[in-house]
Amino acid sequence: MIKFFRKIRYDLMEKNKPGKYFKYAIGEIILVVIGILIALGINNWNENRKDSIQEKIVLRSLLENLHLAKTQSEFLISEEDTLKKRLIRILGIESNPNVNVNQIIPDSIFKSAVWDLQSDQPTFNAYSNLKNTNKLSLIKNKSVNEKFTDLEFRLNRLNDILEDRLSVHQIRIDNILEKDINFIPLVKSNVPEINILNETENDYYELLKIKRIRNLLGMKLTFTQDVIDRRENLDKEIGELIVLIKNEISE
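All values derive from a computational prediction rather than experimental measurement. (Residues numbered from 1 in each chain as written. Predicted model: local features only at pLDDT ≥ 70, side-chain atom pairs only at ≥ 80, totals over all residues. Heavy atoms only, no water.)

A. Spatial organisation of a nonpolar patch on the surface. On the surface, a nonpolar cluster with roughly 270 Å² of combined accessible area is contributed by Ile30, Ile34 and Ile38. With respect to the secondary-structure elements, Ile30 resides in helix 2 (residues 18-91). (Patch = residues over 30% accessible without salt bridge, like charges linked within 9 Å, V, L, I, M, F, W, Y side chains within 5 Å. Areas by Shrake-Rupley, 256 points an atom, 1.4 Å probe, with all protein chains shown as cover. Salt bridge = Lys/Arg side-chain N within 4 Å of Asp/Glu carboxyl O. Helix = DSSP H or I, 4+ residues; strand = E, 2+ residues; numbered from the N terminus.)

Below is the structure:
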């Protein structure tokens with residue numbers, strides 16, 4: 001093809017036809033430019049196609065991680081709700097007026113209410129890894145990126161309240177188990193083979209009349225409700241992101 005154009009150019013020069021040669025030269029330049037533009041267009045299309053494939057891979061990875069995080073989130077909310085109900089029970093402040101306030105509190109229930117503390121959070125390893133490798137830039141949907149920003153905000157707020165609750169628990173509430181009761185009977189639920197017949201029984205009903213103890217457990221109940229609220233906010237963000245990414249993948 002190049003030889004063909006070169007022959008035409010030489011023929012025009014030999015026949016001394018500068019006008020036609022000039023027109024031909026311009027036409028040849030235009031053809032070269034068009035060729036370059038077509039090549040660039042094909043290259044850009046190919047790069048966009050590759051980016052689109054990589055974007056789908058990134059989105060599917062995030063979606064898989066979010067489904068796992070949603071399962072973890074729902075489990076953790078359930079754990080917090082169980083703790084909340086047990087704190088309400090041992091404090092005798094159920095909303096049901098028919099509940100007997102003098103009911104016996106089992107060692108296992110008291111231990112769970114006072115001892116248990118859930119500090120885990122849903123894991124977002126895929127998001128963290130993609131963020132560290134700058135692959136999140138492949139996601140073109142602005143709403144998806146904004147939602148992940150909201151998710152990080154919710155996660156940080158949850159982490160703050162979890163740290164506050166843990167700090168108060170370690171400094172104040174653990175003292176109840178150390179100083180105010182006989183802890184050995186509470187071990188029975190974890191180590192069933194031990195013999196506690198000679199151990200002094202705990203009278204939790206009388207213990208929970210002490211203002212200091214009631215206030216500390218009331219503080220734990222308040223913190224737990226705050227944790228539930230923030231866990232549910234995070235769970236909502238996860239759910240909305242799952243729907244958003246599913247829609248993006250299907251398009």
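B. Structural detail: the packing of aromatic side chains. Under the criterion given, the structure shown has 3 aromatic pairs. For the ring pair Phe110 and Tyr204, a centre distance of 4.1 Å and an interplane angle of 15° mean the geometry is stacked. Residue Phe110 is located in helix 3 (residues 107-115), and its partner Tyr204 is located in helix 7 (residues 204-207); the two are separated by 94 residues in the primary sequence. No difference in accessibility class separates Phe110 from Tyr204, as the two residues are buried. Here the aromatic rings of Trp115 and Phe183 are separated by 5.5 Å at their centres, their planes lie at 35°, and the arrangement is tilted. You can see Trp115 sitting in helix 3 and its partner Phe183 sitting in the loop between helix 5 (142-180) and helix 6 (184-187), a full 68 residues away along the chain. Relative accessible area serves as the criterion here: at 25%, Phe183 is assigned to the partly exposed category. (Phe/Tyr/Trp six-rings, centres within 6.5 Å; stacked < 30°, edge-to-face > 60°. Buried < 20%, exposed > 50% of the residue type's maximum accessible area, 1.4 Å probe, protein only.)

C. Expanded view of the side chain of Lys111. As for its position among the elements, Lys111 is in helix 3. Among buried Asp, Glu, Lys and Arg side chains, Lys111 stands out as unpaired, with Asp116 the closest opposite charge at 6.8 Å. The residues touching Lys111, leaving out its near neighbours within four places in the chain, are Asp116, Leu186, Ser189 and Asn190. (Lys, Arg positive; Asp, Glu negative; His and termini not counted. Contact = heavy atoms within 4.5 Å.)

D. A look at the nonpolar core. Counting 27 residues, the largest nonpolar core has Leu62, Leu66, Phe148, Ile238 and Ile245 as its most contacted members. Of all the secondary structure elements, the ones that give two or more residues to this core are helix 2, helix 4 (125-132), helix 5 and helix 8 (211-250). When residues in this core are grouped by element, the largest group, 8 residues, is from helix 8. Ignoring any residue separated from it by four or fewer positions in sequence, one finds Ile245 in contact with Leu59, Leu62, Leu63, Leu66, Val144 and Phe148. Residues Ile105, Ile109, Leu186 and Tyr204 belong to the second largest nonpolar core, which totals 21 residues. (Core = buried A, V, L, I, M, F, W, Y, C linked by side-chain atoms within 4.5 Å.)

E. Structural context of the packing of helix 5 against helix 8. It is at 9 Å that the axes of helix 5 and helix 8 come closest, and there the two elements cross at 160°. Considering the angle they form, helix 5 stands roughly antiparallel to helix 8. The two elements helix 5 and helix 8 cross, and the hand of that crossing is left-handed. Residues that form the contact of helix 5 with helix 8 fall into these classes: 21 nonpolar, 4 polar and 16 charged. (Axes fitted to C-alpha atoms, helices over the stretch in contact; angles between N-to-C directions. Parallel < 35°, antiparallel > 145°, perpendicular 65-115°, else oblique. Left-handed = near helix turned anticlockwise from the far one by under 90°. Nonpolar A, V, L, I, M, F, W, Y, C, P; charged D, E, K, R; others polar.)

F. Structural detail: the environment of Leu208. One can find Leu208 in the loop between helix 7 and helix 8. The residues touching Leu208, leaving out its near neighbours within four places in the chain, are Ile90, Leu91, Ile105, Phe110, Ile213, Arg214 and Leu217.

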